[in-house]
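Structural features, examined
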Amino acid sequence: MIGSYENLANVIVLLAVKDYRSARRRQKYHPKNKEAKLIIEDCERFFRSDWFGVLTSVDGKALLRKLKEEEIS
């Protein structure tokens with residue numbers, strides 16, 4: 001059974017992925033959107049951070065590459 005802390009960590013990571021995807025979509029249609037740009041930068045910094053590594057065993061850099069590949073498809 002997954003513990004409460006693991007559930008919380010999973011929710012944090014999934015919310016960052018959701019925020020990143022949403023901001024990339026907004027930026028695609030509104031390239032000058034400063035808020036979207038800041039969210040993207042924050043999420044990318046988070047995916048590369050030590051904190052991300054504490055929350056999950058997922059490789060943050062690999063996750064970021066996959067998220068960027070989604071945009072191409």
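Each remark here, short or long, concerns the structure printed above.
Our subject in this report is the structure included herewith. (Residues numbered from 1 in each chain as written. Predicted model: local features only at pLDDT ≥ 70, side-chain atom pairs only at ≥ 80, totals over all residues. Heavy atoms only, no water.)

Observations concerning the overall build of the protein
Across its full length, the protein holds four helices and zero strands. Taken from the N to the C terminus, the helices and strands of the protein come in the order α-α-α-α. With respect to the principal axes defined by its C-alpha atoms, the protein has extents near 45 × 20 × 20 Å. Counting over 73 residues, the protein shows a buried share of 26%. Approximately 5800 Å² of the protein is accessible, and the part contributed by carbon and sulfur atoms is 57%. Across the protein, the 15 positively charged side chains and the 11 negatively charged ones have centroids separated by 6 Å. (Helix = DSSP H or I, 4+ residues; strand = E, 2+ residues; numbered from the N terminus. Buried < 20%, exposed > 50% of the residue type's maximum accessible area, 1.4 Å probe, protein only. Areas by Shrake-Rupley, 256 points an atom, 1.4 Å probe, with all protein chains shown as cover. Lys, Arg positive; Asp, Glu negative; His and termini not counted. Charge placed at Lys NZ, Arg CZ, Asp CG, Glu CD.)

Points about helix H1 (residues 4-29)
The terminal C-alpha atoms of H1 lie 38 Å apart, and with 26 residues this matches the ideal 38 Å at 1.5 Å per residue to within 8%. Of all the positions in H1, only Ala 9, Val 13, Ala 16, Val 17, Tyr 20 and Ala 23 are classed as buried. At its buried positions, H1 is contacted by helix H2 (34-47), helix H3 (50-55) and helix H4 (60-72). (Expected span 1.5 Å × (residues − 1). Contact = heavy atoms within 4.5 Å.)

Some details on the environment of Val 13
With respect to the secondary-structure elements, Val 13 resides in helix H1. Val 13 sits in the buried class, given a relative accessible area of 11%. In this structure Val 13 touches Phe 52, Leu 55 and Thr 56, once residues within four positions along its chain are discounted.

As for the pattern of salt bridges
Tallying each qualifying case throughout the model produces four salt bridges. Close ionic contact of Glu 41 with Lys 37 constitutes a salt bridge, the shortest N to O distance being 3.6 Å. Of this pair, Glu 41 and Lys 37 both sit in helix H2, four residues apart, which is roughly one turn of that helix. Judged by relative accessible area, Glu 41 falls into the partly exposed class, the value being 31%. Between Lys 68 and Glu 44 there is a salt bridge, and its shortest N-O distance comes to 3.7 Å. (Salt bridge = Lys/Arg side-chain N within 4 Å of Asp/Glu carboxyl O.)

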